[in-house]
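Descriptive analysis of the structure
Residue-level listing of the chains:
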Amino acid sequence: MLYPESLLQKLGFEEIKTKLKQECYSSMASDMVDKMQFISNFDLLQKILVQANEFKQLLQSGDYFPADHFIDLKSMLARVKVEGSYLQEENFHQIVLSLNTVFACIDFFKIRTGIYPELEKLVANVPIDRNIVKSIEQIIDNKGNVRPNASKELAEISQEISYIESEARKRINSVFKELQKDGYTADTQLTIRDGRLAIPLLAEYKRKLKGVILDESSTGQTVFMEPVEVFEMNNKLRDLHYAKRREIIKILITLTNELRPAMPVLLSYHQLLTLVDFIRAKAKLANRMEANMPILKPDAIVNMIDGRHPLLFLSFKELGKKVVPLTAQISESNHILLISGPNAGGKSVALKTIGLIQLMLQFGLLIPVAAHSEMGLMKNIFVDIGDDQSLENDLSTYSAHLFHMNYFVQQANAKTLVLIDEFGTGTDPKFGGPIAEAVLEVLNRKKVRGVITTHYSNLKNFANSTDGIQNASMLFDQVEMMPFYQLEMGLPGSSYAFEIAQKIGLPQALLNSAKQKIGHQQKKVDALLADLEREKKEMALKQNEIAIQTRKLNQLVQENQKSKEFFDANKKKILKEAKQEVDQLIKSANKLVENTIADIKSVKADKTATQTIRKKFEESSKNILKQTEPVVVKSNEIISNKAIKVGDWVVYGEDQIVAEVLSIQKNKAELAIGELHTWIELSKLQLTTNRSKKVINQSAFSKVIATTASHFQPQIDIRGARGEEALWEVEKFLDKAIMLNYSEIRILHGKGDGILRKLIREFLKKYDVVSDVQSEHVEFGGDGITIVNLR
């Protein structure tokens, strides 16, 4: 139940309906907007919202959806219920266009089975009768005219008309040329008068031609005559055209009679077109509002995250401005939200935002909130907003408010959302405040869900000391004396009346006088509220700083853990390779010593020869020792002011690691460091003439591995990428995951038509290391995410 009757207007839903109508192609869908109903059935509302959400995804996918001809078939067919009535040629043409749109819609969803399940259900049981189109197209051409051969009689009449028209034109042309040659004509070509060909003749020569005057010019200087030679022929043509029209009507009656038994099927097509257009309009409006489908709950709750007033959002969007998002909660334990704060601080906008969003939701529209918001169902929505004074009913402003309060107290329950703006105003605050508090107490006792705005301190105090009611305030910048338009849960807000008055420019003496007139206790309360708000803001800033530092610390811990896991997993391999290298160095040294001794023996310790052999031994020893040293790039080996390209050798990092450039993507380069491949930003690289491939610097190698591991995330987002580009990114991502010994990775590719998903999964089959590929759970993305398990 919605109360009062003006509720839709008060909350702005009538404007939402107007904007929804603007998105409709057809008058049928526009009429459906007027027939929208408030829905409190969970299953029905869930289905309707999913339909709108699926169509929103369809529009965002960029797929062409057939929406060319949404024509009102119902009103057209209503005219032929009576026997003997018939449809006109253009009506049959419109039916063909509409039915082709219907069949295209059905085919669209059939070839996308499983992508839009709720929308598929709309067409699942619709009968497909293409014979209707075939039977019409045999009679009506693609321009909406009856075909000349639609019947034998029509074909004969049409043929005779063509022959007589041709003969008549020949004869009148012959007469016209003779008259033109003699200078009797007033124009260079024939004209049409009353549907008959006529010769424009100068009035003074009208007796030069035997015939009938059909018309004359406004000046009387020209007469339009039909020669006697074609007069009888034109009369014959007129009779033939009458006969042709009679035959066409006869054909249309026959075609209408054939179509009449198919009216139930045609009406089902009409219903489908209307519903599809209506859902498409809701999806288009949702895209304009950046609206989402929230998590729907059967309970009477509101957990709105980043909600935006839809009308304000659209208005600001046109101006290039942004709306401050609103986050608010109404739950079983805190079912009434009491909002206080400064004037013009956004209290009423917050109340209307919650009310309008709840109303839109239960009318089956997607809402401008974060997708992970949780929104429940209300059985009733009651509002008391604005001035409802009535001279006819003898109601003053306050009387009207009391009338609404009486209704709320009697009719509201735990499934009712009550919205009251400026609670208790309109009368003496000494009486208005206590009455409002008593009403609030009753509503709270009945566990009514509510959003209430107020300036009354007694209500703030009552909320603070009463279970079920939660204070909230609109934040205010006490330095700039400007509202933030942000809702803060948990604390009441000051009205900042004196601060705002001071900023506006009221004299200080006047303000001081006003302060002396209010009670000491009230001044203490307002000061305390202002201090609490300031302290809470400072606390929030500190908490935010702590949260940032905590995230950084957690990230460092994760990076360190990943590096440790990698080194633990590869420690044996690294030690084994190092041992093999040392063994090889020892073997080389031993062989050098043995060869040197053999050489000395062979020359029988000749002094000169021995010196030569010793010198050769020292040089060979140095070469072996060089293999154990890190590569050092000299300053004269660095190349400046030259672009890096594939195949170049570069140096980077404090350890001067030398690597070869394998490929370049945007601002990064893929480097080969021995057997290791990694990606480094181009800005961190320097060209070098050094071509040293041998890099046995364990510290540098470890840093490369650690850098790769610390920057790697086991999920990649390739939504929007084209086929080859997507496969290239997945291949690089998979190589790193294998190198870093990950057992599971996630590829986020989106749903769309499923083409990118199929392409990626076919590509993954080529990898022996891939043990299993599956979709994510429906709640966490479903077919839009592929989980890859690695051996």
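Residues numbered from 1 in each chain as written. Predicted model: local features only at pLDDT ≥ 70, side-chain atom pairs only at ≥ 80, totals over all residues. Heavy atoms only, no water.

**Overview of the layout of surface pockets**
- By volume, the largest pocket amounts to about 1800 Å³.
- Considering the residues around the largest pocket, the lining is formed by 43 residues, among which Asn 53, Gln 57, Lys 751, Val 778 and Gly 781 are closest to the centre.
- The set of elements that each furnish at least two residues to the lining of the largest pocket consists of helix H4 (42–61), strand E6 (295–296) and helix H23 (755–764). (1 Å grid on protein atoms, 1.4 Å probe; cavity = no way out; pocket = protein on both sides within 12 Å on 5 of 7 lines; lining within 4 Å. Points joined across faces, edges and corners; volume = space filled by probe spheres on them. Helix = DSSP H or I, 4+ residues; strand = E, 2+ residues; numbered from the N terminus.)

**Looking at a nonpolar patch on the surface**
- Together, Leu 402, Phe 431 and Ile 435 make up a nonpolar patch on the protein surface, roughly 270 Å² of accessible area in all.
- Its place among the elements puts Phe 431 in helix H15 (residues 429–445).
- Phe 431 sits in the exposed class, given a relative accessible area of 54%. (Patch = residues over 30% accessible without salt bridge, like charges linked within 9 Å, V, L, I, M, F, W, Y side chains within 5 Å. Areas by Shrake-Rupley, 256 points an atom, 1.4 Å probe, with all protein chains shown as cover. Salt bridge = Lys/Arg side-chain N within 4 Å of Asp/Glu carboxyl O. Buried < 20%, exposed > 50% of the residue type's maximum accessible area, 1.4 Å probe, protein only.)

**Let's talk about the pattern of salt bridges**
- In total, this model carries 22 salt bridges according to the counting rule given.
- The salt bridge involving Lys 284 is made with Glu 23; its shortest N-O contact spans 3.6 Å. Of the two residues, Lys 284 sits in helix H11 (residues 263–289) while Glu 23 sits in the loop between helix H2 (13–22) and helix H3 (27–34), which places them 261 residues apart along the sequence.
- For Lys 284, a relative accessible area of 30% corresponds to the partly exposed category.
- With a relative accessible area of 10%, Glu 23 lands in the buried category.
- Residues participating in the shared-partner salt-bridge network are Glu 23, Lys 284 and Arg 288.

**Structural notes on unusual backbone geometry**
- With an omega of -5°, the peptide bond running from Tyr 3 to Pro 4 counts as cis.
- Positionally, Pro 4 belongs in the loop between strand E1 (2–3) and helix H1 (7–11).
- Phi angles above zero are rare outside glycine, and Glu 290 is one such case at about 55°.
- Residue placement: Glu 290 occurs in the loop between H11 and E6.
- One non-glycine residue, Glu 422, lies in positive phi territory at about 55°.
- On the accessibility criterion, Glu 422 (23% relative accessible area) is partly exposed.

**Details of empty space enclosed by the protein**
- Taken as a whole and assessed by the stated rule, the structure comprises four cavities of 30 Å³ or more.
- For the largest cavity, the calculated volume is near 80 Å³.
- For the largest cavity, the lining is made up of 15 residues, of which Tyr 398, His 401, Met 405, Phe 423 and Gly 424 are closest to its centre.
- If you list the elements that add at least two residues to the lining of the largest cavity, you get helix H14 (397–411) and H15.
- Within the lining of the largest cavity, the residues separate by chemical class into eight nonpolar, four polar and three charged. (Nonpolar A, V, L, I, M, F, W, Y, C, P; charged D, E, K, R; others polar.)

**As for the sheet that holds strand E3 (residues 196–202)**
- Strand order in the open sheet made by the four strands is E2-E3-E5-E4, with antiparallel pairing throughout. Edge strands, defined here as strands with exactly one partner in the open sheet, are strand E2 (191–193) and strand E4 (211–216). Adjacent strand axes in the sheet meet at a mean angle of 50° when their direction is disregarded.
- As paired elements, E2 and E3 share three bridges and run antiparallel to each other. (Pairing = 2+ DSSP bridges. Axes fitted to C-alpha atoms, helices over the stretch in contact; angles between N-to-C directions.)

**With respect to the packing of aromatic side chains**
- In this structure the tally under the stated criterion is 16 aromatic pairs.
- Relative to Tyr 407, the ring of Tyr 3 has its centre 3.8 Å away and its plane inclined at 15°; by these criteria the two rings are stacked. You can see Tyr 3 sitting in strand E1 and its partner Tyr 407 sitting in helix H14, a full 404 residues away along the chain.
- Residue Tyr 407 is classed as partly exposed on the basis of its relative accessible area of 21%.
- Both rings, one in Tyr 3 and one in Phe 408, keep their centres 6.2 Å apart while their planes meet at 85°; by these two values the pair is edge-to-face. Of this pair, Tyr 3 sits in strand E1 while Phe 408 sits in helix H14; the two residues are 405 residues apart in sequence, bridging distant segments of the chain.
- Assessed through its relative accessible area of 12%, Tyr 3 is described here as buried.
- With relative accessibility at 0%, the residue Phe 408 sits in the buried group.
- One aromatic cluster is present, built from ring pairs that chain together Phe 55, Phe 65, Phe 108, Phe 109 and Tyr 116.
- Above the ring of Phe 316, the side-chain terminus of Lys 321 is found at 4.6 Å from the ring centroid. (Phe/Tyr/Trp six-rings, centres within 6.5 Å; stacked < 30°, edge-to-face > 60°. Lys NZ or Arg CZ within 6 Å of the ring centre and 35° of its normal.)

**A short note on the sheet that holds strand E22 (residues 715–717)**
- On the basis of which strands lie adjacent, the open sheet formed by four strands has the order E22-E23-E25-E24 and mixed pairing. Where the open sheet ends on each side, the last strands, each with one partner, are E22 and strand E24 (770–775). Recorded for the sheet is a direction-independent mean angle of 20° between the axes of neighbouring strands.
- As paired elements, E22 and strand E23 (residues 744–748) share three bridges and run parallel to each other. Each bridged residue has a counterpart across the sheet, and for Gln 715 the counterpart in E23 is Arg 746.

**Topic: the nonpolar core**
- In terms of nonpolar packing, the biggest core is built from 63 residues, with Phe 13, Ile 16, Leu 359 and Leu 487 touching the most fellow members.
- Per-element accounting of this core gives the leading share, eight residues, to helix H13 (residues 347–362).
- Dropping the residues within four chain positions of it, Leu 487 is found in contact with Leu 326, Thr 327, Ala 328, Leu 337, Ile 339, Ala 472, Ser 473 and Met 474. (Core = buried A, V, L, I, M, F, W, Y, C linked by side-chain atoms within 4.5 Å. Contact = heavy atoms within 4.5 Å.)

**Things to note about the packing of H15 against helix H16 (residues 457–464)**
- For the pair H15 and H16, the least separation of the axes is 9 Å and the interaxial angle reads 30°. Taken as axis vectors, H15 and H16 run roughly parallel relative to one another. For the element pair H15 and H16, the recorded crossing hand is right-handed. Seen from H15, the contacting residues are Gly 433, Pro 434, Ala 436, Glu 437, Leu 440 and Glu 441; seen from H16, they are Asn 458, Leu 459 and Phe 462.
- Residue classes in the contact of H15 with H16 are distributed as five nonpolar, two polar and two charged. (Parallel < 35°, antiparallel > 145°, perpendicular 65-115°, else oblique. Left-handed = near helix turned anticlockwise from the far one by under 90°.)

**A word on the pairing of strand E11 (residues 380–384)**
- A large share of E11 lies buried, amounting to five of its five residues.
- Across the two faces of E11 the burial is the same, with Asn 380, Phe 382 and Asp 384 and Ile 381 and Val 383 all buried.
- Pairing of E1 with E11, which is carried by two bridges, proceeds in the parallel orientation. Paired with Leu 2 across the bridge in E11 is Ile 381.
- Here five bridges tie E11 to strand E12 (residues 416–420), and the two strands are oriented parallel to one another. For Asn 380, the partnering residue across the bridge sits in E12 and is Thr 416.

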